[in-house]
Amino acid sequence: FGWKHLLMSRILVVDDEPGMRSGIARILNDSTITLPEMKTDVCFSVTEAESAEHGLELIESQKPDILLLDHKLPGMSGLELLVKLTEKKIDILTVMMTAYASLETAVEATKNGAYDFLAKPFSPAELKHLMRKASSRILYKRQAQSLAEEKKKLRFEFISVLAHELKSPLAAIQGYLNIIRDRVSGED
């Protein structure tokens with residue numbers, strides 16, 4: 001009855017509250033979300049960091065797919081980490097989490113590259129719904145990149161075939177022009 005793809009999505013949770021990190025890990029680790037429109041099941045593997053600095057190290061070494069980032073952190077804030085990621089040209093889907101939800105915070109986070117915003121406290125259902133949206137976004141982006149690569153490849157192949165096919169008629173024309181230039185048939 002048709003088959004599905006299985007995608008493993010790596011999540012990094014950066015939050016200074018151990019209970020929040022472990023709660024998210026309990027909810028998401030080894031859970032599966034079905035994306036029927038893409039015929040894909042997504043399961044999650046969660047890594048935790050207690051600070052933005054540690055989170056940055058993990059992002060650079062492990063390249064997670066999704067970053068769940070607390071706004072208020074000791075040392076570097078979540079927004080400062082977002083700015084660093086932009087400066088380093090690190091593309092990661094980021095969801096800002098905060099207990100201090102305000103329109104200003106949401107706008108600032110979005111301006112700095114956040115994909116979405118999750119107000120604390122949140123339910124497991126809200127977190128899973130957000131992961132479904134984020135996973136769909138990642139898959140659509142990957143498909144778009146794959147199609148762009150395929151388009152480049154097809155274009156290159158078309159130009160190669162076109163160049164090859166034009167060689168024969170051009171060689172014939174060049175031969176006739178040489179005959180005319182060299183006046184092989186006389187002056188007529």
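Residues numbered from 1 in each chain as written. Predicted model: local features only at pLDDT ≥ 70, side-chain atom pairs only at ≥ 80, totals over all residues. Heavy atoms only, no water.

1. A look at the overall build of the protein
Argument step 1. Helix and strand content of the protein: five helices and six strands.
Argument step 2. Along its sequence from the N terminus, the protein presents helices and strands in the succession β-α-β-β-α-β-α-β-α-β-α.
Argument step 3. Computed over its C-alpha atoms, the radius of gyration of the protein comes to 27 Å, more than 25% above the 16 Å expected for a compact globule of 188 residues.
Argument step 4. With respect to the three principal axes, the spread of C-alpha positions in the protein is 95 × 45 × 30 Å.
Argument step 5. Buried positions account for 37% of the 188 residues belonging to the protein.
Argument step 6. Expressed as a percentage of contacts within the protein between residues at least 6 apart in sequence, the contacts between residues at least 24 apart total 67%.
Argument step 7. Here the protein displays about 12,100 Å² of accessible surface, and carbon together with sulfur accounts for 57% of that area.
Argument step 8. Within the protein, one finds 25 positive and 27 negative side-chain charges whose respective centroids are separated by 4 Å. (Helix = DSSP H or I, 4+ residues; strand = E, 2+ residues; numbered from the N terminus. Rg over C-alpha atoms; globule rule 2.2 N^0.38 Å. Buried < 20%, exposed > 50% of the residue type's maximum accessible area, 1.4 Å probe, protein only. Contact = heavy atoms within 4.5 Å. Areas by Shrake-Rupley, 256 points an atom, 1.4 Å probe, with all protein chains shown as cover. Lys, Arg positive; Asp, Glu negative; His and termini not counted. Charge placed at Lys NZ, Arg CZ, Asp CG, Glu CD.)

2. As for the side chain of Asp70
Argument step 1. Position of Asp70 relative to the elements: it lies in strand β4 (residues 66-70).
Argument step 2. We classify Asp70 as buried; its relative accessible area is 4%.
Argument step 3. Of note is the side chain of Asp70, whose polar atom sits 3.2 Å from the side chain of Lys120.
Argument step 4. The residues contacting Asp70, other than those within four sequence positions of it, are Val14, Asp15, Asp16, Gly78, Met96, Met97, Thr98 and Lys120. (Polar contact = N/O pair within 3.5 Å; in protein donor to acceptor, adjacent residues only side chain to side chain.)

3. Considering the side chain of Asp41
Argument step 1. Position of Asp41 among the secondary structure elements: in strand β3 (residues 40-49).
Argument step 2. A residue is classified by how much of its surface remains accessible, and Asp41, at 19% relative accessible area, is buried.
Argument step 3. In terms of polar contacts, Asp41 uses its side chain to reach the side chain of Thr34, at 3.0 Å.

4. Some remarks on the environment of Phe44
Argument step 1. Of note, Phe44 is situated in strand β3.
Argument step 2. Phe44 gets classed as buried once you look at its relative accessible area, which sits at 1%.
Argument step 3. As for Phe44 and Ile33, which are separated by 11 residues in sequence, their C-alpha atoms are 8.8 Å apart.
Argument step 4. The contact partners of Phe44, leaving out residues within four places of it in the chain, are Met8, Ser9, Ile11, Leu28, Asn29, Asp30, Ser31, Ile33, Met131 and Ser135.

5. Some thoughts on the pairing of strand β5 (residues 93-98)
Argument step 1. Buried residues dominate β5, accounting for six of its six residues.
Argument step 2. Along β5, one buried face is formed by Leu93, Val95 and Met97 and the opposite face, lined by Thr94, Met96 and Thr98, is buried too.
Argument step 3. Bridge count for β4 against β5 is five bridges, and the pairing is parallel. Opposite Leu67, over in β5, you have Thr94 as the bridge partner.
Argument step 4. In this fold, β4 hands off to helix α3 (residues 78-87), which returns the chain to β5; that crossover is right-handed.
Argument step 5. Here four bridges tie β5 to strand β6 (residues 116-119), and the two strands are oriented parallel to one another. Considered in β6, the bridge of Met96 is made with Phe117. (Pairing = 2+ DSSP bridges. Right-handed = clockwise from strand over helix to strand, strands pointing away.)

6. What to know about unusual backbone geometry
Argument step 1. The amide bond that connects Lys120 to the next residue, Pro121, takes the cis arrangement and shows omega of -10°.
Argument step 2. Among the structural elements, Pro121 can be located in the loop between β6 and α5 (124-182).
Argument step 3. Within the chain, Lys39 stands out as a residue other than glycine whose phi angle is a positive 50°.
Argument step 4. Mapped onto the elements, Lys39 comes out in the loop between β2 (32-35) and β3.
Argument step 5. Although it is not a glycine, Lys89 adopts a positive phi angle of roughly 55°.
Argument step 6. Relative to the elements of secondary structure, Lys89 occurs in the loop between α3 and β5.
Argument step 7. In this structure Lys89 comes out as exposed when scored by relative accessible area, which is 74%.

7. Things to note about a nonpolar patch on the surface
Argument step 1. Together, Phe158, Ile159, Leu162, Leu166, Leu170, Ile173, Leu177 and Ile180 line one region of the surface with nonpolar side chains, adding up to about 810 Å² of accessible area.
Argument step 2. The class for Leu177 is exposed, based on a relative accessible area of 51%. (Patch = residues over 30% accessible without salt bridge, like charges linked within 9 Å, V, L, I, M, F, W, Y side chains within 5 Å. Salt bridge = Lys/Arg side-chain N within 4 Å of Asp/Glu carboxyl O.)

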